[in-house]
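Survey of secondary and tertiary structure
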Amino acid sequence: MCMHTGTDRDRLQTTNHIIYNVVGMGKGFYISKAVAVACLFAAAGVLATIIALSVMYAQERSKNLQYLPTPPGPNTTSTASTTPPGPTEPWHYYRLPESLSPVRYNITLWPRLKPNPDDLYIFTGHSRVAFRCVSKTNLILIHSSKLKFKMFDGFHAILTGLDGAVAPTLRETWLEVPTQYLVITLNAPLQLGSMYELYTEFEGKLSDDLEGFYKSEYIEDGVKKVVATTQMQATEARKAFPCFDEPALKAVFHMTLIHPLGTVALSNAMNYDPVNITLDGESLIQTSFEPTEIMSTYLLAFVVCDFAYIRTNRDADVLIRIWARRKAIEEGHGNYALEKTASILAFFQNYYNSSYPLRKSDQIAIPDFSNGAMENWGLITYRETSLLYNPGVSSNRDKESVATTISHELAHMWFGNLVTMKWWNDVWLNEGFATYVSYLGADYAEPDWNMKDLIVLNDINHAMTRDASANSHPLSSKKEEIQRPDQIYELFDAITYSKGAAVLRMLSEFITETVFSQGLHTYLEEFRYNTTTYKDLWKHLQMAVDKAGISLPHSVEVLMNRWILQMGFPVVTIDTQTGNITQEQFLLDPQSVVDRPSEFNYEWFVPITWIKNGASEQQYWLLNKEDTNTELVLGAADWLVANINMKGFYRVNYDEENWDRLIAKLSSNHQDIPVINRAQIIDDAFNLAMATKVNITLALRTTTFLNKEVEFLPWAMARRNLYYFFLMFDRSEVYGPMQAYIRKQITPLFHYFKDLTLNWTKIPEKHTDRYNQLNTISLACRAGVEGCRELTCGWFKEWMNNPAVNKISAHLKSVVYCNAIAAGGIAEWDFALKMSKNATITSEADKLRHALSCTMEPWLLNRYLQYCLDPGKIRKQDASDIFVSIARNPIGQPLVWDFVRTNWDYLINHGHQLIYIISIVTERFSTKFEYKQLQLFTEEVEAQYGSGAFGLEHFLERTKTNMNWMALNKKPVSDWLISQTSEI
């Protein structure tokens, strides 16, 4: 799945672009996880930001409070009312017993696209699930959540035997709400090896919580239209029909949907010809579908809509269709997705050396969708901004998001769907892998974009931010640690997606990409339609390594287990005077205590690469905590940089002499150092400074060469790290010298892009130059570079004078909109609000909605906050992002803090991403007064919801960290900035 805002990349996708956006008070990233990335700067959050990121990519704990254990007990209509001291019966456990195995489902569902007399949107249905008894039992547990069942002679279901088996009679049935089961006890046991069928009829609500079977609404030509759609991952299929809702319990699904005339029904498999029927006096359509392949419940999908589509030619090997709102299709917004889907699908068939397993690939843009996308087999669902692209309106970033999200989801068609993890503790096998190879697929589809480099900024740096905390977690958790739905959802985080991608990239580098893909081929062939653990992957990669004759210091399993079975990563310290090399776990907070034990004692087998004086790359394995390699000793005029192109998942520290030489080399001829390593030097230095391993002024010195730098990655990494300085200083006297220093550094780049674009009249040709131009204008306007504000306000005013013609370059819109509204007043704000409502493509509306939060007028920000309480004005899926955007505005931050405390109960009850919001609204806190405010709020929330609720104690820890950082660094930072700008 691709994560949004704040979780698969399916939820993570949009968060990765925080660096590309506007002035620092804006939302700064492209997804909603967002996915989204409160990872703006590792240092800023240390503990709390990091915690927030993981939840932001998933669900916040507040949405999962319903899953906390409460009372089990047999009852035909409700659950018991007292909580037992611990699980005492099978239905008290969150995992199914291993006694039954589903074979096939026959499911019929009828969603109502109009409200009933109670103003509710409902669906009704019936299901037959055939299952085999694999262990003698007199108990049937099947997942069910929020479904009302028709009773048959006092029971919730009917049980029959198949293939000559005799079904025992039912003894008792009830709904076990805490563990989400329909419980059926029998008067006699089911027989080993026999087949049975369970029949149920039920009713559910098409809710608006974007989970299970839910409704999405949109306006087209002034008419409200309703879509019935699904989001089953991870544990939501049970809200649509009773099922054995665990990934290893694969089955074949026979789907039938009943839907209104004038609508179309879609599901994972191809449909048979629809037939007209009449039910309850209503003329309807009944669409049945071919049986699916054997697959997990979380991959099931079905949609009823009034959408249009475009498709591949009829002679194509695989039918590809792009579905969306009719206007979006008519205006060509699906064309880019159709073109790139075909290209990327062909790439993965070649990469895996395996044909696409299905006859068709439907991809559909849903107006209301919580994540970036979801890899349902044969029917991939997307947020509109992740699938639709309008060349005249959408930005460079929007286009990249479409390509990488499609690539991520198509990678899952094999890795995740054809072969699936046995349990959610290994979900990184799905998501980390899809994240990594999504860059390969996107690079194939857009070879001029340098996508393989962008993984460093988007994912590797992001993963290091999250994993540098004592509260991180291993990639592969123990099964017994991941039981409840809330525990499962917490795994959809930066560790699973981004660290998973980073360590697989590292592995593919040291065994080579060719050998890596060969191992994947045999892995997929052996486990087709089955489930695996990480050990199965290591086995097949080892087979490929042996076949290729590659020499490694240990087996793949031994090397990689240290990267996936323990949290964290090392900082490697190289003394170029002696050749001494050491490793230790890198922690951003030097005072934090790691209380999670590791069988490896937090040591890693580290593939170290380096270059001396720009010569050829060398490699060496650090297999112990400390070692000596004389090849790393430098002469008097030499310099050395390690971890070339950041292939390894570790940070690098050096002796003081080599740091000085690297900074001198950057100042004299920065191009002698590879561009990724120029970015890495900045990032390592700032993170090492946060961890008090180097002086803060050393970190700042790594930015002095930037007035000569024109490449995107170093500037993006610098901006990401300086974000924390903005947070700490934008309300203090240090902000003036900081602005002056940034103005000094960014002015040459501002003029570089002015010349490159012929006085801002052309669009840069390079993909990353477009990103860098956006960042340049953003920083230049924030720093007060002469001509910048006039430039952006002039463009916006021209549009206001002629609303029908927007000449602002698509890839600059976010920064232009934000800066113009920040400099303007009510006229600019109201104009942007009006244009956001009139926008026909979601990405354009998103940019305008974000820009509205950039105003410096408190009353307008308060008006905007109130709009977020009205779903008629702001979609529920967008409200959390708006809260965050306003909170990033120094003027808006205290307003959001007051608003959240005032409306806390409302925000909880309406499913807003509270941990994400609180993470951002408190990220500036750095005073005793702010600490006391947060402490009081935490006490009030915990009094209502219990100790540790919403992880607020971590934000208190972060505030203490900020206070300590300010006490230690405010004066030296101020003195250094003044020394660098005194001549200005």
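All of these numbers come straight from a predicted model, not from anything done at the bench. (Residues numbered from 1 in each chain as written. Predicted model: local features only at pLDDT ≥ 70, side-chain atom pairs only at ≥ 80, totals over all residues. Heavy atoms only, no water.)

1. A look at the overall build of the protein
Each helix and strand in the protein was counted, giving 30 helices and 29 strands. Compactness check: the protein gives a C-alpha radius of gyration of 28 Å against a globular reference of 30 Å for 984 residues, within 12% of the reference. Taking the principal axes of its C-alpha atoms as reference, the protein extends roughly 90 × 70 × 65 Å. Out of the 984 residues belonging to the protein, those deemed buried represent 65%. Side chains of the protein give 91 positive and 108 negative charges; the mean places of these two sets differ by 3 Å. (Helix = DSSP H or I, 4+ residues; strand = E, 2+ residues; numbered from the N terminus. Rg over C-alpha atoms; globule rule 2.2 N^0.38 Å. Buried < 20%, exposed > 50% of the residue type's maximum accessible area, 1.4 Å probe, protein only. Lys, Arg positive; Asp, Glu negative; His and termini not counted. Charge placed at Lys NZ, Arg CZ, Asp CG, Glu CD.)

2. Observations regarding the pairing of strand β29 (residues 651–654)
Side chains of β29 alternate between two faces, with R651 and N653 and V652 and Y654 buried alike. Where strand β23 (residues 570–575) meets β29, four bridges bridge the pair, whose relative direction is parallel. Bridge pairing links V572 to V652 in β29. (Pairing = 2+ DSSP bridges.)

3. What to know about the state of the cysteines
Throughout the structure, instances matching the rule amount to two disulfides. A sulfur-sulfur distance of 2.1 Å marks the disulfide that ties C781 to C788. Measuring handedness by torsion sign, the sulfur bridge of C781 and C788 sits at about -90 degrees and is left-handed. For the pair C781 and C788, one class covers both residues: buried. Each sulfur in the disulfide pair C818 and C854 lies 2.0 Å from the other. Here C818 and C854 share a disulfide; its torsion about the S-S bond, -100 degrees, makes the bridge left-handed. Of this pair, C818 sits in helix α21 (residues 813–823) while C854 sits in the loop between α23 (842–852) and α24 (858–867), and the two are 36 residues apart along the sequence. Summarising the burial analysis for this pair, C818 and C854 share the class buried. For the protein, the disulfide bridges join cysteines in the arrangement 1-2, 3-4, where the cysteines are counted in sequence order. (Disulfide = S-S within 2.5 Å.)

4. Quick look at the side chain of D459
As for its position among the elements, D459 is in helix α8 (residues 451–467). A distance of 2.5 Å separates the side chain of D459 from the side chain of Y439, its partner in a polar contact. (Polar contact = N/O pair within 3.5 Å; in protein donor to acceptor, adjacent residues only side chain to side chain.)

5. Some details on the confidence of the model for the protein
Detailed reading of predicted coordinates is not advised where the pLDDT is low. Per-residue confidence for the protein averages 90 on the pLDDT scale, and 91% of its residues sit at or above 70. In the model, residues 5–84 has pLDDT below 50 throughout and makes 396 contacts with residues more than four positions away in sequence or in other chains. (pLDDT = per-residue confidence, 0-100. Contact = heavy atoms within 4.5 Å.)

6. Remarks on the sheet that holds strand β26 (residues 618–622)
Two pairing modes exist for strands in a sheet, parallel and antiparallel, and in both the strands are linked by backbone hydrogen bonds. Within the open sheet, the three strands sit side by side as β26-β25-β28. Their pairing is antiparallel. Across the chains shown, the open sheet's two edge strands, defined by having one partner strand only, are β26 and β28 (640–642). Taken pair by pair, the neighbouring strands of this sheet meet at an average axis angle of 30 degrees, ignoring direction. As defined by bridge partners, strand β25 (residues 606–612) adjoins β26 across five bridges and the pair is classed as antiparallel. By the bridge assignment for β26, W610 is matched with Q618. (Axes fitted to C-alpha atoms, helices over the stretch in contact; angles between N-to-C directions.)

7. Some points on the pairing of strand β18 (residues 360–366)
With respect to burial, β18 is a largely interior element, seven of its seven residues being buried. Across the two faces of β18 the burial is the same, with K360, D362, I364 and I366 and S361, Q363 and A365 all buried. Strand direction decides the pairing type here: strand β17 (residues 319–324) and β18, joined by five bridges, are parallel. Residue pairing in the sheet places W323 in a bridge with I364 of β18. In this structure, β18 lies alongside strand β20 (residues 379–383), joined through five bridges in parallel fashion.

8. Regarding the environment of S438
Here S438 lies in helix α7 (residues 427–445). Between the alpha carbons of S438 and T404 there is a distance of 5.7 Å; along the sequence they are 34 residues apart. Those residues within four positions of S438 in sequence are excluded, and the remaining contacts are T404, S407 and H408. Of the polar contacts made by the side chain of S438, one reaches the backbone oxygen of T435; its length is 2.6 Å.

9. Some remarks on helix α28 (residues 914–921)
α28 sits mainly inside the fold: eight of its eight residues count as buried. Among all positions in α28, only L914, I915, Y916, I917, I918, S919, I920 and V921 are buried.

10. Considerations on the packing of helix α18 (residues 735–756) against helix α19 (residues 767–783)
Remark: α18 packs on α19, axes separated minimally by 8 Å, with the N-to-C direction vectors making an angle of 140 degrees. One finds that α18 runs oblique with respect to α19. As for the relative orientation of α18 and α19, their crossing is left-handed in sense. When α18 is examined against α19, the residues Y735, Q739, I742, R743, I746, L749, F750, F753 and L756 are found in contact with a partner set consisting of D769, N772, Q773, T776, L779, A780, R782 and A783. For the contact of α18 with α19, a count of residues per class yields ten nonpolar, four polar and three charged. (Parallel < 35°, antiparallel > 145°, perpendicular 65-115°, else oblique. Left-handed = near helix turned anticlockwise from the far one by under 90°. Nonpolar A, V, L, I, M, F, W, Y, C, P; charged D, E, K, R; others polar.)

11. Quick notes on the packing of aromatic side chains
Inspection of every chain in the model, using the stated rule, returns 60 aromatic pairs. Summarising the aromatic geometry, the rings of F726 and Y735 are spaced 6.2 Å apart at their centres and angled 65 degrees between planes, so their arrangement reads as edge-to-face. Judged by its relative accessible area of 16%, Y735 is buried. Taking the ring centre of F605 as reference, the NZ or CZ of R562 above it sits at 4.1 Å. Sitting above the plane of the F726 ring, R782 keeps its charged end 3.7 Å from the centroid. (Phe/Tyr/Trp six-rings, centres within 6.5 Å; stacked < 30°, edge-to-face > 60°. Lys NZ or Arg CZ within 6 Å of the ring centre and 35° of its normal.)

12. Quick look at the side chain of Q583
Along the chain, the position of Q583 falls in strand β24 (residues 580–585). Within the structure, the side chain of Q583 is placed 3.1 Å from the backbone oxygen of N624, a separation counted as a polar contact. Those residues within four positions of Q583 in sequence are excluded, and the remaining contacts are P570, V571, E603, W604, V606, L622, N624 and K625.

13. Description of unusual backbone geometry
Glycine aside, negative phi is the norm for most residues, and most peptide bonds take the trans geometry. Cis geometry marks the peptide bond from Q233 to A234, where omega comes out at 5 degrees. Among the structural elements, A234 can be located in the loop between β10 (223–231) and β11 (252–260). Non-glycine residue D153 carries a positive phi angle of around 55 degrees. By the secondary structure assignment, D153 is in the loop between β4 (148–149) and β5 (158–162). Residue D153 is classed as exposed on the basis of its relative accessible area, which comes to 79%.

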